[in-house]
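Here's the letter readout for the chains.
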Amino acid sequence: MKLKYTAAWVGLTAAAMMTATACGSDGAKTATETADKAVDKASTVMAALTRATDRTEELGSAEIRTTTTLEAAGGEPVSMDGTYSWGDGAAMDVEMDTAAAQMSALQDAPTTRVVMVDGAYYYDIDPQPSGPIAGKEWMRVDVAAVTGEAGADNMAANADPTAGLRYLTASSKVEDLGKETVLGKETTHYRGSVGAEHIEKSKLTEAEKKAAVAALEANGGKMTCDIWVDGKDLPVRMSQTGAGMTVQMDFLKFGTTKEITALPAAETGDLSEQVREQRDAAIGQ
């Protein structure tokens, strides 16, 4: 298992969603009229995205479909389908394409089940003939071994997939791109971007600033986010781009998903130390 490919799907939950408030301009209007309209538009957009954040946080889980594309991995998309939960910390139970995720050496099936819960990833593997995962059905890796301690803390702080929408006050610009049909639903498409400089000047708490800056640093210092919100104030699709990575998440159904639990210890082999050593060696190069 190569760390750079593991990062393709780890990035889904490690990255925070960032958006921004809007302002417009119209040279034919007076400065006062233009400013008033800009404030009204910004307020409308902020209200819509804040409602989406609150509703999503309330529901606690969703059935999702995601696609992650990493330039460093040749641009081949890695898809995942399953459950994402944030009601009691970040957790997921998904199926991912085995070959695209570079897991073929450990899993013969075309898809691999991956569970993330209680600060660890579990990969469904074929029992191996030797080594720390010999005869085991699951391979366990600590989240911190893959992302580092700061990354793990950031994931915990941004468990809600729309957590970054709380950072609206920190952003510089957002656009209402109008109505679009997505997954058969009528939605409003918003696009915004934010950088660390906006976070530092914001009215966020120090804890929120720390989490936001950590997420941005993991994504090259700036992130662009697109979000499509339906008439029930729920996100239908989100897409985020930063540092050579694009993640698209489709929300197929909210709530009423099964509880995600850790896999039996007797069936699990732990490779956290090996992955941590691999990560440290890669960083030291």
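Residues numbered from 1 in each chain as written. Predicted model: local features only at pLDDT ≥ 70, side-chain atom pairs only at ≥ 80, totals over all residues. Heavy atoms only, no water.

This part covers the packing of aromatic side chains. Overall, the coordinates contain two aromatic pairs when judged by the stated rule. Measuring from centroid to centroid gives 5.6 Å for Y84 and W86, while their planes differ by 70°, and the two rings are edge-to-face. The same class applies to Y84 and to W86, which are both buried. (Phe/Tyr/Trp six-rings, centres within 6.5 Å; stacked < 30°, edge-to-face > 60°. Buried < 20%, exposed > 50% of the residue type's maximum accessible area, 1.4 Å probe, protein only.)

Our focus in this paragraph is the environment of K173. By secondary structure assignment, the location of K173 is in strand β7 (residues 173–182). Note: C-alpha distance between K173 and G192 (19 residues apart in sequence) is 5.9 Å. (Helix = DSSP H or I, 4+ residues; strand = E, 2+ residues; numbered from the N terminus.)

Let us look at the sheet that holds strand β3 (residues 91–97). Ordered by their spatial adjacency, 12 strands build an open sheet running β7-β8-β9-β10-β11-β1-β2-β3-β4-β5-β6-β12, and the pairing between neighbours is mixed. Since the sheet does not close on itself, it has two edges, and those belong to β7 and β12 (268–270), each with one partner. Strand after strand, the sheet turns through a mean of 20° between neighbouring axes, direction not considered. Here strand β10 (residues 235–242) runs beside strand β11 (residues 245–254); their pairing, made up of six bridges, is antiparallel. Along β11, the bridge assignment pairs R237 with D250. (Pairing = 2+ DSSP bridges. Axes fitted to C-alpha atoms, helices over the stretch in contact; angles between N-to-C directions.)

Bringing the nonpolar core into the picture now. In terms of nonpolar packing, the biggest core is built from 40 residues, with Y123 and M139 touching the most fellow members. Here this core gets four residues from one element, more than from any other, and that element is helix α2 (residues 31–59). V115, Y122, I260 and L263 belong to the second-largest nonpolar core, a separate cluster that totals eight residues. (Core = buried A, V, L, I, M, F, W, Y, C linked by side-chain atoms within 4.5 Å.)

Looking now at unusual backbone geometry. When glycine is set aside, most residues are seen to have a negative phi, and most peptide bonds are trans. Residues other than glycine seldom take positive phi values, yet L183 does so here, at roughly 55°. One non-glycine residue with positive phi stands out, namely D233, at about 60°.

Considering all chains together, one arrives at 10 salt bridges under this definition. Between D93 and R113 there is a salt bridge whose closest N-O contact spans 2.8 Å. One end of the pair, D93, is in strand β3; the other, R113, is in strand β4 (residues 111–117), with 20 residues separating them in the sequence. R191 serves as the salt-bridge partner of D226, at 2.6 Å between the closest nitrogen and oxygen. With a gap of 35 residues between them, D226 in strand β9 (residues 222–230) and R191 in strand β8 (residues 185–195) connect regions that are remote in the sequence. A relative accessible area of 9% means that D226 is categorised as buried. When its relative accessible area of 35% is taken as the criterion, R191 is described as partly exposed. Each of the salt bridges in this network shares a partner with another, and the network as a whole consists of R140, D142, D270, E273 and R276. (Salt bridge = Lys/Arg side-chain N within 4 Å of Asp/Glu carboxyl O.)

What follows is about the side chain of D230. Position of D230 relative to the elements: it lies in strand β9. For the buried D230, no salt bridge exists, and the shortest N-O distance to an oppositely charged side chain is 4.2 Å, to K185. A polar side-chain atom of D230 sits 2.8 Å from the main-chain amide nitrogen of K232. Residues within four places of D230 in sequence aside, it is in contact with K185, E186, T187 and V236. (Lys, Arg positive; Asp, Glu negative; His and termini not counted. Polar contact = N/O pair within 3.5 Å; in protein donor to acceptor, adjacent residues only side chain to side chain. Contact = heavy atoms within 4.5 Å.)

Looking at the protein chain as a whole, its pLDDT mean stands at 73, while 65% of the residues score no less than 70. Note on residues 1–39: pLDDT under 50 across the span, and 101 contacts to partners over four residues away in sequence or across chains. (pLDDT = per-residue confidence, 0-100.)

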